[in-house]
Amino acid sequence: QVVSDPSEDLKWIIFDGPVDTLWIESMNSVLDDSKLLCLDNGVRIKLNDTIRMIFEVQDLAVASPATVSRCGMVYMNPNELGWYPLVQSWLSESAAGTMRLSKVNLERMDELFQKFIPLGLDFVAKECKQWVPTVPVNAVVALCDLFSALAAHHNLKLDGEEESWELIKLVFTFCYTWSLGGNVDSRSQEKFDGFIRDKLETVVMFPAFGMCYDFQMDLEQRKFVTWESTVPSFQYNPKVPFFQILVPTIDTVRYSYLWKALVKARKPVLFNGNSGVGKSVIMTGCLNSNTEELSLQVITIQFSAQTSAARTQEMLESKLKVKRKNLLGANRPGSMVVLFIDDLNMPAMEQFGAQPPIELLRQVLGMGGFYDRKMLFWKNVQDVTIVSACAPPEGGRTPTTPRMLRFFHLLSIPELAEDTMRKIYSSILTGFMENFNGEVRETVKPMVQSTVDIYTRIKEDLRPRPSKAHYTFNLRDLSKVFQGIMAINKVTCKDSMTAIHLWIHETMRCFHDRLVDDQDRRYFTEELMMDVLRRNFGVSLTHEELFEREPILFGDFLRFGAPAEERYYEEVPDMTKLASLFDDYLDEYNINTSSKQMSLVFFKDHCQHLCRIIRIIRQLRGNALLVGVGGSGKRSLTRLAAAITEYACAEIEVSKNYGMEQFHQNLMELYESTGVHRQPNVFLLSDNQIVDETMLEDINNILNSGEVPNMFPPEEKEKRINDCVEAARLAGMGDTRDSVYQYFISTVRDNLHVVLCMSPVGDNFRRYCRQFPSLVNCCTIDWFDKWPREALVSVANRLLEEIDFISESGADYKAGLVSTCVDIHTSVEELATRFYAELRRHFYVTPSSYLEFISLYMSLLDEKRSEMTAAINRIKNGKSKMKETNSEVDTMQKELKAMEPLLIQAQKKTEAMVADLSVRKAKAEEIRVDVTATATEATEQQQVAAALQAEAQKDLDEALPELEAAEKALDSLNKNDIGEIRGYTTAPKAVEKTVSAVMALLKEPKSDWDSAKSVMGQGNFLQRLRDYDKENISPAIITKLQKWIQDPEFTAELVGKTSQACRSLCMWVRAMDLYARVSRAVVPKKAALAQAQTTLDEMNTKLRAAQGRLKEVEDELETLQASYDKNVREKEDLQYKIDLSTKRVKAAQILTEALAEEVIRWDALLVDMDKDTLTLPGNVFLASAFVAYLGAFTMAYRTEMIDRWRAWCAERGVPVDADYNLISTMATPMQVREWSIMTLPTDNVSTQNAIMVTTSTSNKSRRWPLMIDPQGQALKWIQKMEAKVGLKTIKLKD
């Protein structure tokens, strides 16, 4: 845009912000004489001479000499301009303008500034300490802003002279106190109080008691009065959740007063102070109490080390209303957006020292907006005021740039006074126990006093260290003690001793459970707890009675199967019964859970940890941080605790493509369940599931504010709001979108319990605590120690309970084996410490190692026992087979002798049958020849008959079509047709001929017309025609018919022209004539056919008789042949058996003679194997321990430990070989030889390593082998060994 502007006016481009090496280097070509901007996409832009650039930076720490040499440097010395011009500007514009001070009072105020500001700034710089240091001019601007804010807040009329001057001096002194002295720590406040009383006594007199910070202005009387006089009284309301209870104190009143005045005047405010002093509590109280009065729209953002500028901008934009394309503002007209940034200085510095989220906020405060990240246009942001809280820049927090701090009025929140803490919690606890009996109520004061004493001392004595980064105690921990106490009711707490036990339990849970070693724990119980118990409670019990015997535990799970409303928080009466109770809960869990079945051993520590987790998640907004090495049981106990409290337990399933999108999807489902459906859920997340540290930033936000920035797309967020409208209205939260959404988030926080499981091994845990403070501040921490001996013994007994361990003498050595299990585990822990001390190599021994050791032992023992049993069975089977062979040889020899006579007899019988069979075959052949001749003659006669029949049939076939046509025509006639013919009085000639011919065929005596009509009138006339015997027509009739047949006019066509009925009769007459004539010609042929048929029948009869004789002979011959074949087969089978038996007998005799000595060796081997069976459990036990623990150690350490473990086994009756060797136990010589062929070195260490690798990669182990292989020997060996199964080699960079 600037380059395309053709005007000759100078164009200034201002770069306001930190410089980094990357982008400033790309500007070098712009800054030199060429003025050429080279972009990454190859585009080059030439800048004209009217364009100028200004870089406004804090320093040049990362600017290169090339950049510095191209710019003219102007160093702005803060002492040259100073603070006075700003005061003059304020006096002329605000004081004289808005507040309308008189000229005299303006001059007086100018004198006050010139006289006291230099003194105050100098004193603060030299004598006071600021948690968040800032430049002097900031304090002066803060004084002016606070003066203006108070004048507007109280609507002060300062236009008078003398009457206004007293008020001006009062306000000036108050603002002087809370600007120059408002940002110093507690000790510096005492110094500043002495300074201000000394220097400003001529301006305003403070009361003689207290400090200057303890007084507020009485504007009517023109003097200072105590804040105490305006602190409202507190009334306990049991319906208000604990986290919403706010007891008014001097601190809440005075800081709320200052906050309200400044925010009302739209001045940013920053609360700072040590962690745990209540900054966020006071800020939240200010926001909640002034939301309606000041019409505020509150946006809360929790900063962490991973917070980015982009995410901050997205969060801010999502909460603001788009009024125009380039304008964002409050959602409601006339309201003001208050952006609360918690932990302002948490974002980590980038590579070049800047904090991008801070720079974005500075842009909003300084320039009133920011750029759209996609379209790159400027967006103005209006009606937004930023308030913030932060701790000193230490422990993961970075110093905030003064260019950002200059916008804020900084107020340092001092440590909460012990009297104030006692007042707060006494007020709450007294109100809660109002209905308890007097004996219990009397413990309220010592409870509060003791808790405050413990909190004060532990903060000072147990400070965070690199190995104890979570030793950060704040007011949240103090509050959790009383929140836990308030879970009790008067039914289960009826006496003072129960109340004392309850206090001990809650104090231990909040402070003691996070301690990492016995030294700190002994200090806590012996020096802190016993001291306050004797001093405040007057307890006479000893440390042993209270803390060394059975632990004091409370819970609401003691009544198994009771509904939730009947579960009471009560003391555990008998610790020994907890394990069986939890076993019942575990059985119920496994019954109701199809996946992730669990098998747990509830030893003492496990029971205590389970009670602690249940206590945490049953509390409203209770979240837990479980810290312990892998395998401690953190996740398993959490799942069971969720089941006991009847909460759902949600976990994420990390896969290859799992990322933030999937994580947010899981969170949205959780929010749906907890916020909309109001179902309690435990969200279980372990450190090995954190694939992106942004996940921890989301968890940090959930713990602190309950809201994950920009997690919900607009339509999803709207859906949640619509789902919660009715519930929010019933809860009295209103029905606006913002209030309903806040109700939704509040419900999520009430029902969602985050349980984080982390390992203290490595730097991650310490880094997480430093970068994400809510993980510590908003969670109750439970530190899982290494398992004690009692736990290790219990686990081993449970896992090995189904395996029998009987020695040669019949004694059970399971107890000795279990004891050795524990000692092996503890010895490796000691060895790991020595290993690090001597070789500086870390090795960690965890409960997972122990569980894997026993699991591996069980699987290996089962495998080796199976192998040993199979080997013994093979030898026994071999011996048994030898006996069977000898017995079978004897049997076969006897059978061989018995079969020889049978073979001779079979041969004779076969020869006799062969002779008989030859005679019978000759006879059958003679009969077959006779039958063949007869069959030939019959066939010839059959051919003659067939020819005669065919000839006769041919003649008949000539007449048959005409006969069939006549019969068909005849069938078509009916009485009507005949009546038609009879209807002629005088018959036509054609009709008369036809009827006369019919009468002739019917043999009627008269053929005149009247007689014919009479015959046709008979009812059976047509039937007579149909039934006419055409086969026996006499020759006389045929002769008589010829006169009509020969008549050329007597045809069906011509007759049909006269009468159709007569046509049919004509056809019938002609057909009868034709058939009769043909039949006469066929009669001789039929006679010849009959004669031929008779001859044929005789021939067939003769043929059948001959065939019958032949069949009888052939059947007899076939039977004889079958009998012969059977005898031949039997003889052959008998011969085969004799041959086979002979061979078998010879082979068996050779085998038994050869193995006679081998059987003796087998007997000796069986004796040795029986002995090996007795030592097998011990040998495999040492092998399992070797594979589970010794892989990281060198040969000297391995040998030392094996010798020690073997000695322990011998002492405790565990049978083991005196010359025990891992290689002989776990590998065969053939395997070792094969490994050597596959390039494995032949030394013992390499062979032992190969055994560990192959064992780990089998189904017997759940661990992956991690090989320290600097020379690549293991890589070559594995690649060659596994090449046959298609091994694929990948690298992390692939």
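Relevant structure appears above.
Residues numbered from 1 in each chain as written. Predicted model: local features only at pLDDT ≥ 70, side-chain atom pairs only at ≥ 80, totals over all residues. Heavy atoms only, no water.

Chemist: Any chance you could explain the sheet that holds strand S18 (residues 624–627) here in plain terms?
Modeler: Each strand in a sheet pairs with another by means of backbone hydrogen bonds, the pair being arranged parallel or else antiparallel. Taken together, five strands build an open sheet; the order of strands is S19-S20-S21-S18-S22 and the sheet is parallel. A strand with exactly one partner marks an edge of an open sheet, and here the two such strands are strand S19 (648–651) and strand S22 (780–783). Averaged over all pairs of adjacent strands, the angle between strand axes in this sheet comes to 20°, irrespective of strand direction. Sheet topology places strand S20 (residues 681–686) next to strand S21 (residues 752–758); six bridges connect them, and they run parallel. Bridge assignment links Phe683 to a residue of S21, and that residue is Val754. (Pairing = 2+ DSSP bridges. Helix = DSSP H or I, 4+ residues; strand = E, 2+ residues; numbered from the N terminus. Axes fitted to C-alpha atoms, helices over the stretch in contact; angles between N-to-C directions.)

Chemist: I tried to follow the packing of aromatic side chains on my own but got confused; where do I start?
Modeler: Two measures describe an aromatic ring pair: the distance that separates the ring centres and the angle between the ring planes. Throughout the structure, instances matching the rule amount to 49 aromatic pairs. Ring centres of Trp83 and Tyr84 lie 5.8 Å apart, and the angle between their planes is 85°; on these two criteria the pair is classed as edge-to-face. A relative accessible area of 17% places Trp83 in the buried class. Plain terms: the ring middles of Trp1235 and Trp1277 are 6.1 Å apart, the flat faces sit at 80° to each other, and that makes the pair edge-to-face. (Phe/Tyr/Trp six-rings, centres within 6.5 Å; stacked < 30°, edge-to-face > 60°. Buried < 20%, exposed > 50% of the residue type's maximum accessible area, 1.4 Å probe, protein only.)

Chemist: Whenever I open this one, the nonpolar core confuses me. Can you help?
Modeler: One broad rule of soluble globular proteins: the nonpolar side chains tend to lie buried together. Counting 102 residues, the largest nonpolar core has Leu429, Trp503, Ile504, Leu533, Tyr671 and Ile699 as the members making the most contacts within it. Looking at this core, the element that brings in the most residues is helix H20 (residues 518–537), giving eight residues. Ignoring anything within four residues of it in the chain, the contact list for Ile504 reads Met529, Leu533, Leu546, Phe547 and Ile552. Core analysis: the next-biggest nonpolar cluster, separate from the first, contains 79 residues, Met99, Tyr213, Trp227 and Tyr255 among them. (Core = buried A, V, L, I, M, F, W, Y, C linked by side-chain atoms within 4.5 Å. Contact = heavy atoms within 4.5 Å.)

Chemist: What is the right way to read the sheet that holds strand S11 (residues 336–342) from this model?
Modeler: Strand order in this open sheet of five strands is S8-S11-S14-S7-S15, and the pairing throughout is parallel. This sheet does not close on itself; its edge strands, each paired only once, are strand S8 (296–302) and strand S15 (409–412). On average, adjacent strands in this sheet sit at an angle of 20° to one another, irrespective of strand direction. By the bridge criterion, six bridges tie S11 to strand S14 (residues 384–390) in an arrangement that is parallel.

Chemist: Sorry, what's going on with the environment of Pro788 here?
Modeler: By the element assignment, Pro788 lies in the loop between S22 and helix H31 (789–799). Separated by 484 residues in sequence, Pro788 and Gly1272 have C-alpha atoms that sit 40 Å apart.

Chemist: What is the right way to look at a nonpolar patch on the surface in this model?
Modeler: Taken together, the side chains of Leu10, Trp12, Ile14 and Ile54 define a hydrophobic patch exposed on the protein surface, amounting to about 420 Å² of accessible area. With respect to the helices, strands and loops of the structure, Leu10 is situated in the segment before strand S1 (11–16). Since its relative accessible area comes to 48%, Leu10 is described here as partly exposed. (Patch = residues over 30% accessible without salt bridge, like charges linked within 9 Å, V, L, I, M, F, W, Y side chains within 5 Å. Areas by Shrake-Rupley, 256 points an atom, 1.4 Å probe, with all protein chains shown as cover. Salt bridge = Lys/Arg side-chain N within 4 Å of Asp/Glu carboxyl O.)

Chemist: Would you mind going over the pattern of salt bridges with me for this structure?
Modeler: For side chains bearing opposite charge, pairing can occur when the charged atoms are close. Across all of its chains, the model carries 67 salt bridges by this definition. A salt bridge links Arg767 to Glu693; its shortest N-O distance comes to 2.5 Å. Placement of Arg767 in helix H29 (residues 764–771) and of Glu693 in the loop between S20 and helix H26 (694–704) is noted, with a sequence separation of 74 residues between them. Three or more residues are tied together by salt bridges with common partners; here these are Asp16, Glu56, Glu359, Arg362 and Arg403.

Chemist: Sorry if this is basic, but what is going on with empty space enclosed by the protein here?
Modeler: In this approach a probe as big as a water molecule rolls over the atoms, and the regions it shows empty are the leftover space. Under the defined criterion, the tally for this structure stands at four cavities of 30 Å³ or more. Empty space within the largest cavity amounts to approximately 220 Å³. Of all the secondary structure elements, the ones that give two or more residues to the lining of the largest cavity are helix H11 (279–290), helix H18 (475–485) and helix H30 (774–777). For the lining of the largest cavity, the element with the highest residue contribution is H11, accounting for three residues. Looking at the second largest cavity, its volume works out to about 60 Å³. Taken together, Gln130, Thr134, Asn138, Ala139, Ala142, Trp178, Ser179, Leu180, Asn183, His409 and Leu410 form the lining of the second largest cavity. (1 Å grid on protein atoms, 1.4 Å probe; cavity = no way out; pocket = protein on both sides within 12 Å on 5 of 7 lines; lining within 4 Å. Points joined across faces, edges and corners; volume = space filled by probe spheres on them.)

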